[in-house]
Amino acid sequence: MWLALIIGNSRLHWGLFDGKTLCHTYDTERLSKSFVYYLSKCQRLSEVQEILSSSPHTPRQSLFVGNQQDRADSPTTPSFPLLLASVVPSQTALWLTYPNVRVVTLEDIPLQGMYPTLGIDRALALWGAGKTWGFPMLVIDAGTALTFTGADANQNLFGGAILPGLGLQMATLAENTGQLPNVELPHDLPQRFAVNTQQAIQSGVIYTLLAGIKDFVEAWWQSFPQGKIAITGGDRTLLAKYLQSLFPEIAKRLIVEPNLIFWGMEKTQNAQFFHNS
Ligand SMILES: Nc1ncnc2c1ncn2[C@@H]1O[C@H](COP(=O)(O)OP(=O)(O)OP(=O)(O)O)[C@@H](O)[C@H]1O
Ligand SMILES: CC(C)(CO)[C@@H](O)C(=O)NCCC(=O)O
Ligand SMILES: [K+]
């Protein structure tokens, strides 16, 4: 068993693997140094699962009482292996205190033509999607930031784009204006021409984002008529639903998959190391 951890800009994403099989996923807030310590002391799978699914993530001392002494003294009780990918350098540092950790870098991903500051989450999602469904592949990651990242049939980075994600666009409007409220995203596509403030914000953010996605997707298909498209990230389901209503011909060709980055991590040499250990 091993753990995959993606440190995103809003929260942490956890994958619990049995070899190549992804058994469980968890999302957590950012965690404390003592959490890192407790996780490193977990011996049983049930302990890992309990502390990752508890909320808030302050592990109960009692979980460890009793055999804590054995653990401190025994050299034969390694922590669960942890494979880490992070786009938040300050958070990476905290997790380097975990004893059995490996960090995924761009060098671990066999895509050609990557530029040095490319986000590891983008490279991993693209690698995971391409290795699973084939290249050419375009990944749309609808997270804190929304990104497009594409690679051609030779697994060469074709390029992409970065813009504020749906949540960030809504939050920025509320934070930087005197009269605009914080608004939730609607479950269904709103009406385009709105007659109240809340719906006007929803319409503006959603319809311009959908138009932008359509434009990128069409440009992608112009370059790669048989090119595949996968969407991931916290807003993927909502976006896929809006696309289904507005541009069904695009939605039909979309692969919607929450775990692209985990698939990417599993398909690096680093994971191979864990499979064999
Ligand atoms: N339970 C949730 N908590 C936080 N955000 C959520 C949740 N469910 C959906 N979202 C949406 O997910 C988006 C954030 O996506 P995600 O969790 O993929 O971001 P992230 O952790 O910052 O990762 P990345 O850095 O890759 O974007 C937000 O815009 C928000 O609207
Ligand atoms: C764009 C984000 C924030 C998306 O999570 C991340 O991939 C990142 O910090 N990237 C670095 C810049 C780049 O990818 O070109
Ligand atoms: K920054």
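Structure report, in brief. Keep in mind that what you see is a predicted model, and the values were worked out from it rather than measured. (Residues numbered from 1 in each chain as written. Chains lettered and ligands numbered in written order. Predicted model: local features only at pLDDT ≥ 70, side-chain atom pairs only at ≥ 80, totals over all residues.)

### As for the environment of Leu-94
Here's step 1: Following the sequence through the fold, Leu-94 ends up in helix α4 (residues 89-95).
Here's step 2: With 63 residues separating them along the chain, Leu-94 and Leu-31 place their C-alpha atoms 9.1 Å apart.
Here's step 3: If we ignore the near neighbours within four places in the chain, the residues touching Leu-94 are Lys-33 and Val-36. (Helix = DSSP H or I, 4+ residues; strand = E, 2+ residues; numbered from the N terminus. Contact = placed C-beta atoms within 7 Å.)

### Some points on the sheet that holds strand β6 (residues 137-142)
Here's step 1: Spatial strand order, β8-β7-β6-β9-β10: 5 strands in an open sheet with mixed pairing. Looking along the sheet, the strands with just one partner apiece sit at the ends: β8 (157-164) and β10 (254-256). Here the average twist between neighbouring strands, direction ignored, is 15 degrees.
Here's step 2: Of the pairings in the sheet, the one linking strand β9 (residues 228-232) to β10 comprises 3 bridges and is parallel in character. Bridged to Ala-230 within β10 is Ile-255. (Pairing = 2+ DSSP bridges. Axes fitted to C-alpha atoms, helices over the stretch in contact; angles between N-to-C directions.)

### A word on the site of ligand 2
Here's step 1: As a structural note, the neighbourhood of ligand 2 is formed by Asn-9, Val-87, Thr-117, Leu-118, Gly-119, Asp-121, Arg-122, Gly-143, Ala-145, Thr-147 and Ile-162.
Here's step 2: Considered class by class, the residues forming the shell around ligand 2 number 4 nonpolar, 5 polar and 2 charged. (Near = placed C-beta within 6 Å. Nonpolar A, V, L, I, M, F, W, Y, C, P; charged D, E, K, R; others polar.)

### A few points about the site of ligand 1
Here's step 1: Taken together, 16 residues surround ligand 1, and among them Gly-8, Ser-10, Gly-143, Gly-167 and Gly-234 come closest.
Here's step 2: For the shell around ligand 1, the per-class residue count stands at 3 nonpolar, 9 polar and 4 charged.
Here's step 3: For the shell around ligand 1, the two domains that each supply at least three residues are domain 1 (2-103) and domain 2 (111-262). (Domains from an automatic or database assignment.)

### Details of the environment of Ala-161
Here's step 1: Relative to the helices and strands, Ala-161 resides in strand β8.
Here's step 2: C-beta crowding within 10 Å serves as the criterion here: with 12 such atoms nearby, Ala-161 is assigned to the exposed category.
Here's step 3: Residues Ala-161 and Leu-146, spaced 15 residues apart in sequence, show a C-alpha to C-alpha distance of 8.3 Å.
Here's step 4: Other than its neighbours up to four places away in sequence, Ala-161 contacts Thr-147, Phe-148 and Phe-216. (Buried ≥ 20, exposed ≤ 12 C-beta atoms within 10 Å, placed from the backbone.)

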